[in-house]
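Coordinate analysis (summary)
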Amino acid sequence: MERGPGDEAADRHDRLLAALYGRGELVLLRSDAGLSELAGRAAPLRVVLVTVADDASAEQIRARIEPLVKAVRAGGPPTHFVLVGGGAAAGRAALSGAAPFVQLVRMGFHHVDAAGALARVKGPALPALDEASARLAGVGPLGPEALAGAIEEGRALAQQERAIVDRLTGSRRVTAVIVVACAALLAVSYAFGPGTHEMALWRMGANSGEAVRRGEVYRLLASAFLHADAVHLFVNMLALWSFGPMLEALFGPRRYLLLYGASALGGSLASNLLDDRWSVGASGAIWGLMAAGIGVALRPHGLLPPAMIAQMRSRAWWPLAINLVYSFQPGVDLLAHLGGGVVGFALVVTVLPRGLTPVEQRARRERLTDAEPTPRPLLSAAAALVAAAMALSVVVALAAGRPWELAAPPALTRTAVGDTGVALDLPQAAVDAAAVEDLEGVRFYTYGRLPETTIMFQLAVFPLDGEVPPDQLDGLLEQERRTLDERRPAGAVAKGPATRVTLGGRPAVSVRNELPNGVQVVSTIVVLGDKEVVLQAYSTKDRPASWAGIEDKVAASLGSP
């Protein structure tokens with residue numbers, strides 16, 4: 001090795017290098033001009049030995065150390081900088097100044113001063129360094145041949161790791177298809193005009209436990225390709241692109257497809273435990289991939305070398321912890337995340353990796369069979385089945401939901417309200433979702449079901465003591481107007497006072513409110529002969545422009561069958 005600045009400091013450097021390398025836990029990557037770099041053989045670790053003259057000033061030492069510290073990149077292994085030489089005060093001052101406040105990786109800063117004393121200046125301890133320093137006096141430097149052999153071994157190991165990394169970043173085909181499909185479906189969900197997006201998502205296959213139990217099982221997989229907006233899509237696809245390609249290369253496209261599909265299904269099934277909400281998004285599948293990475297770190301099945309596994313173990317839990325905290329935010333489907341994660345983790349620690357070839361044994365050129373020692377027809381058939389199920393779920397959702405109909409005004413159908421003697425014109429989708437319920441002695445007729453239908457109507461008919469004379473009708477409606485003003489739904493925000501209106505040539509009373517969940521409610525009271533009809537229309541803010549005024553149109557159609 002070439003001598004650095006100062007023979008005594010260089011000699012300490014050489015002997016410390018020999019002591020560290022002799023433990024067998026580190027490999028030597030380079031050693032020249034007073035600078036040596038070692039890396040962990042089976043654990044994520046980097047040690048940089050830097051030599052300076054024993055009489056170097058703090059400014060000179062810092063100028064030597066800082067460029068090395070700044071060269072550290074995020075995602076690398078824990079790195080320890082060991083300064084050899086320089087006075088105790090100057091060395092510690094320089095290392096303290098060179099240590100960054102925000103560290104991209106864990107860093108330790110140590111000093112072997114001119115007297116040979118070791119001190120930890122900042123950061124975590126390094127037991128291997130403590131032991132090597134303790135026996136420094138009894139260790140001689142590596143000879144030229146031994147040094148050359150150590151560097152050759154280290155470079156070979158580094159080259160092997162780079163080749164493995166290259167193989168694990170070279171397969172993106174399945175991941176790219178998923179990203180394109182999700183982006184395309186988001187564009188489709190916005191294609192039907194203003195105010196249609198939310199209803200379009202429902203019609204395109206949003207997940208809902210109630211709908212799935214009615215037989216709409218296609219929603220379990222179709223919902224994993226839908227997203228609420230561009231930000232939702234970007235966050236999920238960024239996460240997918242972070243985890244997906246490595247797992248796709250590690251397991252091969254077929255097993256990766258099985259992992260993704262099973263995780264998406266597990267997330268949707270878990271989400272269905274919530275009856276009162278519907279959801280969209282690929283996050284259940286992505287959580288499956290994230291948990292699969294943790295599964296590989298904990299039970300690698302011999303697929304990756306020990307050093308890479310150790311590095312995965314040191315970093316795998318942070319994304320999980322951050323995403324778990326995020327999952328408790330309002331509007332985030334925690335059960336979908338957990339369901340997908342459990343499925344992905346379970347598959348990876350049990351059956352999914354069985355029979356795979358370790359990465360370092362695979363061919364350089366990526367092929368479909370690179371991960372498999374022999375072709376597996378059943379595996380190919382299973383992957384094809386999962387791909388077909390995911391594609392078919394989207395096609396069936398579009399065919400069943402017909403979201404393109406949202407852009408057209410609703411066609412109204414004359415509908416008799418039970419045996420009440422009242423009829424009205426309603427959208428056919430609302431008629432198909434009719435229900436009758438008795439509450440406190442009052443029969444309510446409900447047409448539609450949010451969010452499945454754009455709007456939901458609820459109607460009750462109250463008999464009067466005969467037909468109301470014209471001279472008394474104004475007084476009755478004024479009384480009902482005051483009642484609507486005074487008795488608004490709990491927590492509702494008034495969108496204006498109750499007013500007298502004319503609907504279908506008849507006098508009526510109408511009021512608009514907004515419920516705490518954002519649902520808009522229009523309540524209308526109409527007198528039909530000897531009956532008083534109370535009609536309530538419920539809709540979300542996000543609805544097609546072609547449905548504007550539908551509440552008044554339906555109320556105006558009230559009459560006889």
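What counts, and where the lines are drawn
Residue numbers restart at each chain and count upward from 1, following the sequence in its written direction. Where local features are concerned, this predicted model is filtered to residues with pLDDT of at least 70; where side-chain atom pairs are given and counted, the filter is 80 or more; whole-chain, interface and lining totals use all residues. Each side-chain value is worked out from all heavy atoms of the structure, with water and hydrogens disregarded. Numbering of helices and strands runs from the N terminus; a helix is a DSSP stretch of H or I covering at least four residues, while a strand is a stretch of E covering at least two. For the radius of gyration, the atoms used are the C-alpha atoms, and the globule rule reads 2.2 Å times the number of residues raised to 0.38. Throughout, a contact is declared for two residues whenever any of their heavy atoms are within 4.5 Å. All accessible areas in this document rest on Shrake-Rupley with a 1.4 Å probe, and a residue is counted as covered only by the protein chains that are shown. Strands were regarded as paired on the criterion that DSSP finds at least two bridges between them. Whenever a helix is involved, its axis is fitted only over the stretch in contact; in every case the axis is a line through C-alpha atoms, and angles between N-to-C directions fall within 0 to 180 degrees. Under the scheme applied here, a residue whose accessible area is under 20% of the maximum for its type counts as buried, over 50% as exposed, and between as partly exposed, the area being computed with a 1.4 Å probe on protein chains only. Note on scores: pLDDT gives the predictor's confidence for each residue, bounded by 0 and 100. Counted as salt bridges are all cases of a side-chain nitrogen of Lys or Arg within 4 Å of a carboxyl oxygen of Asp or Glu. The span expected for a helix works out to 1.5 Å for each residue beyond the first. Aromatic rings from Phe, Tyr and Trp, taking only the six-membered ring of Trp, are treated as a pair when their centres fall within 6.5 Å; an angle between ring planes under 30 degrees marks them as stacked, one over 60 as edge-to-face, and anything in between as tilted. Think of it as a cone above the ring: NZ of Lys or CZ of Arg counts as a charge over the ring if it is within 6 Å of the ring centre and within 35 degrees of the ring normal.

1. Observations regarding the overall build of the chain
- When helices and strands are counted, the chain shows 19 helices and 18 strands.
- Compactness check: the chain gives a C-alpha radius of gyration of 35 Å against a globular reference of 24 Å for 561 residues, more than 25% above the reference.
- For the chain, the spread of C-alpha atoms along the principal axes amounts to about 115 × 60 × 35 Å.
- Put simply, 65% of the contacts in the chain that link residues at least 6 apart link residues at least 24 apart.
- When the accessible surface of the chain is split by element, carbon and sulfur atoms take 59% of a total near 25800 Å².

2. Some thoughts on the sheet that holds strand 6 (residues 118–122)
- Taken together, 6 strands build an open sheet; the order of strands is 1-2-3-4-5-6 and the sheet is mixed. Among the strands making up the open sheet, the edge pair consists of strand 1 (26–32) and strand 6. Within this sheet the neighbouring strands show an average axis-to-axis angle of 20 degrees, counted without direction.
- In this sheet, strand 5 (residues 107–112) lies alongside strand 4 (residues 79–84) in parallel orientation, the contact comprising 6 bridges. Bridge pairing in strand 5 places L83 opposite H111.
- Strand contacts of helix 2 (residues 58–70): strand 2 (35–40), strand 3 (46–51), strand 4 and strand 5, with the helix running at about 155 degrees to strand 3, the strand carrying the most contacts.
- Sitting on the sheet, helix 3 (residues 88–98) is in contact with strand 4, strand 5 and strand 6, with an inclination near 165 degrees to strand 5.

3. Describing unusual backbone geometry
- Phi is positive for R402, which is not a glycine, with a value near 45 degrees.
- Along the polypeptide, R402 turns up in the loop between helix 16 (377–401) and strand 9 (412–416).
- Unusually for a residue other than glycine, E440 sits at a positive phi of about 50 degrees.
- Considering the arrangement of structural elements, one finds E440 in the loop between strand 11 (434–439) and strand 12 (442–447).
- With a relative accessible area of 84%, E440 lands in the exposed category.

4. Quick word on the confidence of the model for the chain
- In the predicted model, the chain carries a mean pLDDT of 87, and 90% of its residues have values of at least 70.
- Across the chain, helix 9 (residues 219–222) holds the top mean pLDDT of 96, while helix 13 (residues 306–315) sits lowest at 66.
- Considering only residues more than four positions removed or in separate chains, one finds that residues 1–5, a stretch of pLDDT under 50, has 16 contacts.
- Scored below 50 in pLDDT, residues 364–369 makes 7 contacts in the model with residues more than four places away or belonging to other chains.

5. Side note on the environment of W547
- With respect to the secondary-structure elements, W547 resides in the loop between strand 18 (531–539) and helix 19 (550–556).
- W547 sits in the buried class, given a relative accessible area of 7%.
- Distance in space between the C-alpha atoms of W547 and V217 is 29 Å, their sequence separation being 330 residues.

6. Observations concerning the pairing of strand 18
- Looking at chain direction, strand 13 (residues 455–463) and strand 18 are connected through 9 bridges and run antiparallel. Counterpart to Q458 in the pairing with strand 18 is Q536.
- The pairing of strand 17 (residues 520–528) with strand 18 spans 9 bridges and is antiparallel. Looking at strand 18, one finds that V526 is bridged to V533.

7. Quick look at the pattern of salt bridges
- Enumeration over the complete set of coordinates arrives at 25 salt bridges.
- In this structure, R23 and E25 form a salt bridge, with 2.9 Å as the shortest nitrogen-oxygen distance.
- Classification of E25 as partly exposed rests on a relative accessible area of 42%.
- Two residues, K531 and D530, come together in a salt bridge whose shortest N-O distance is 3.4 Å.
- Given the relative accessible area of 33%, D530 is considered partly exposed.
- In this structure, a network of salt bridges that share partners links the residues E210, R214, E216, R219, R449 and E452.

8. A short note on helix 11 (residues 253–271)
- Look at helix 11: 27 Å from first C-alpha to last across 19 residues, which is about the 27 Å you get at 1.5 Å a residue.
- Helix 11 sits mainly inside the fold: 16 of its 19 residues count as buried.

9. Digging into the packing of aromatic side chains
- Evaluated as defined, the whole model comprises 2 aromatic pairs.
- Look at F81 and F109: their rings are 5.5 Å apart centre to centre, the planes differ by 20 degrees, and that puts the pair in the stacked class. In this pair, F81 is assigned in strand 4 and F109 in strand 5, connecting sequence segments 28 residues apart. As far as the burial class goes, F81 and F109 line up, both buried.
- Ring geometry for W202 against W278: centres 5.9 Å apart, planes inclined by 80 degrees, an arrangement best described as edge-to-face. Here W202 is found in helix 7 (residues 197–203), whereas its partner W278 is found in strand 8 (residues 278–279), with 76 residues between them in sequence.
- Residue class for W202 comes out buried when judged on its relative accessible area of 4%.
- The positively charged end of R219 is found above the aromatic ring belonging to W202, 4.1 Å away from the centroid.

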